[in-house]
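Listed below are the residues making up each chain.
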Amino acid sequence: MKIKQVLSALEQFAPLPLQESWDNAGLQVGLTEADVSGALLCLDVNEQIVDEAIRRGCNLIVSHHPLLFRGLKQISGSDYVQRTVMKAIKNDIAVVSMHTNMDNARGGVNWKIAERLGLCDVRFMAAKTVGDSDAGSGVIGTLADGMSASDFISLVKERFGVECVQCNELLRRTVKTVAICGGAGDFLLPEALASGADAFITGEMHYHQYFGYEQQIQLCVIGHYQSEQFTAEVFRDIISRECPGVRTEIAETVTNPIRYY
């Protein structure tokens with residue numbers, strides 16, 4: 001199986017036209033005619049991830065966040081992006097990223113978050129059509145059983161392995177309908193409110209957005225990395241289904257740059 005076949009399978013699931021205009025998903029580094037020795041699946045790409053790929057015998061890295069957001073004007077090793085590109089090229093490792101196209105695809109990042117929470121009747125929060133693709137921003141679904149806001153927050157902490165959740169005032173009604181947008185999803189707060197959701201989970205939210213929604217919606221902000229940490233499982237499932245025989249490894253390197261003390 002060649003790298004280009006794996007890339008094709010990923011892009012069939014989450015076509016590149018689904019990405020936002022500012023994004024840079026798709027092939028980042030390397031040649032795609034080589035046979036795949038293994039695919040390392042991760043959220044971010046840095047030098048430590050390339051080292052892990054070398055150590056585990058993988059010549060393909062599939063990440064959620066693109067290594068290259070903007071064009072490089074030099075490759076001199078002066079920052080981690082340049083050093084990562086140099087190390088990948090030196091070791092014949094291709095890097096592919098599936099970012100907002102995977103956010104917007106049915107069955108993608110936000111659907112994985114909904115799955116982790118055990119939501120039912122999951123659907124797009126802001127559906128849109130791009131060509132023939134069924135796509136949208138964020139998802140919304142329902143819990144099998146309603147629960148108090150405090151119990152819901154405890155569920156979120158347990159399912160995502162976080163020690164704390166940034167919230168607004170605790171909701172004094174049952175949480176049943178949940179809106180989700182992984183990563184920096186605060187732009188979807190108006191849609192979450194309009195949908196009638198009892199709670200909104202995202203990875204980042206600006207300070208002033210916590211004001212004014214007391215007893216309207218339970219805000220639950222769990223961290224960008226934490227909200228998208230299971231995206232590698234989406235990549236694994238696609239590759240295992242569409243490219244049988246390709247070895248997949250979920251990265252052990254934690255790339256979250258934020259530390260909590």
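Below or above, wherever it landed, is the structure these notes cover. (Residues numbered from 1 in each chain as written. Predicted model: local features only at pLDDT ≥ 70, side-chain atom pairs only at ≥ 80, totals over all residues. Heavy atoms only, no water.)

**Quick notes on the environment of Pro 244**
So, step 1. By the element assignment, Pro 244 lies in the loop between α9 (231-242) and β11 (248-250).
So, step 2. The spacing of Pro 244 and Gln 74 is 170 residues in sequence and 38 Å in space, taken between C-alpha atoms.
So, step 3. Excluding anything up to four places from it in sequence, Pro 244 contacts Met 1 and Ile 239. (Helix = DSSP H or I, 4+ residues; strand = E, 2+ residues; numbered from the N terminus. Contact = heavy atoms within 4.5 Å.)

**Description of α9**
So, step 1. Helix length check: α9, at 12 residues, gives a terminal C-alpha distance of 17 Å against a target of 16 Å (1.5 Å per residue), a fit within 8%.
So, step 2. Along α9, the residues that are buried comprise Thr 231, Ala 232, Glu 233, Val 234, Phe 235, Ile 238 and Ile 239. (Expected span 1.5 Å × (residues − 1). Buried < 20%, exposed > 50% of the residue type's maximum accessible area, 1.4 Å probe, protein only.)

**Side note on the nonpolar core**
So, step 1. Within the largest apolar cluster, 51 residues are counted, with the highest numbers of intra-cluster contacts made by Leu 10, Leu 117, Phe 152, Ile 180, Ile 201 and Ile 239.
So, step 2. Ranked by the residues each element gives to this core, the list is headed by helix α6 (residues 149-160), at six residues.
So, step 3. Ignoring anything within four residues of it in the chain, the contact list for Ile 239 reads Val 6, Leu 10, Ala 39, Leu 41, Val 62, Pro 244, Val 246 and Thr 248.
So, step 4. Ranked by size, the runner-up nonpolar core spans 17 residues in total, among them Leu 40, Ile 49, Ile 61 and Val 95. (Core = buried A, V, L, I, M, F, W, Y, C linked by side-chain atoms within 4.5 Å.)

**Things to note about the sheet that holds strand β3 (residues 60-63)**
So, step 1. Pairing is mixed in the open sheet, where five strands are placed in the order β1-β4-β3-β2-β11. Only two strands of the sheet have a single partner each, and these edge strands are β1 (26-29) and β11. Put simply, the sheet's adjacent strands are angled 25° from each other on average, direction ignored.
So, step 2. Of the pairings in the sheet, the one linking β3 to strand β4 (residues 94-97) comprises four bridges and is parallel in character. Directly across from Leu 60, in β4, lies its bridge partner Ala 94.
So, step 3. Sheet strands touched by α9: β2 (39-42), β3 and β11. Its angle to β2, the strand with the most contacts, is close to 150°. (Pairing = 2+ DSSP bridges. Axes fitted to C-alpha atoms, helices over the stretch in contact; angles between N-to-C directions.)

**Comments concerning the environment of Glu 52**
So, step 1. Among the secondary structure elements, Glu 52 is positioned in helix α2 (residues 47-55).
So, step 2. Classification of Glu 52 by relative accessible area gives buried; the value is 0%.
So, step 3. Between the C-alpha atoms of Glu 52 and Thr 253, which are 201 residues apart in sequence, the distance is 7.4 Å.
So, step 4. Contact partners of Glu 52, with chain neighbours within four places excluded, come to Leu 40, Ile 250, Ala 251, Glu 252 and Thr 253.
So, step 5. A polar side-chain atom of Glu 52 sits 2.8 Å from the main-chain amide nitrogen of Glu 252.
So, step 6. A distance of 2.5 Å separates a polar atom in the side chain of Glu 52 from a polar atom in the side chain of Thr 253. (Polar contact = N/O pair within 3.5 Å; in protein donor to acceptor, adjacent residues only side chain to side chain.)

**Some thoughts on the packing of aromatic side chains**
So, step 1. Applying the stated criterion across every chain yields a total of three aromatic pairs.
So, step 2. Ring centres of Phe 160 and Phe 230 lie 5.9 Å apart, and the angle between their planes is 55°; this geometry places the pair in the tilted category. Note that Phe 160 is positioned in helix α6 and Phe 230 in the loop between α8 (224-228) and α9, a separation of 70 residues in sequence.
So, step 3. The buried category is assigned to Phe 230, whose relative accessible area is 14%.
So, step 4. Geometrically, the ring pair formed by Tyr 207 and Phe 211 is edge-to-face, given 5.4 Å between the ring centres and 80° between the ring planes.
So, step 5. The side chain of Arg 116 reaches across the aromatic face of Phe 230, ending 3.7 Å from its centre. (Phe/Tyr/Trp six-rings, centres within 6.5 Å; stacked < 30°, edge-to-face > 60°. Lys NZ or Arg CZ within 6 Å of the ring centre and 35° of its normal.)

**Quick look at the environment of Arg 123**
So, step 1. Take Arg 123: it is sitting in strand β5 (residues 120-130).
So, step 2. The partly exposed category is assigned to Arg 123, whose relative accessible area is 39%.
So, step 3. Beyond its immediate stretch of four places on either side in the chain, Arg 123 contacts Trp 111, Gly 138, Val 139, Ile 140 and Gly 141.
So, step 4. Side-chain polar atoms of Arg 123 contact the backbone oxygen of Asp 121, separated by 3.0 Å.

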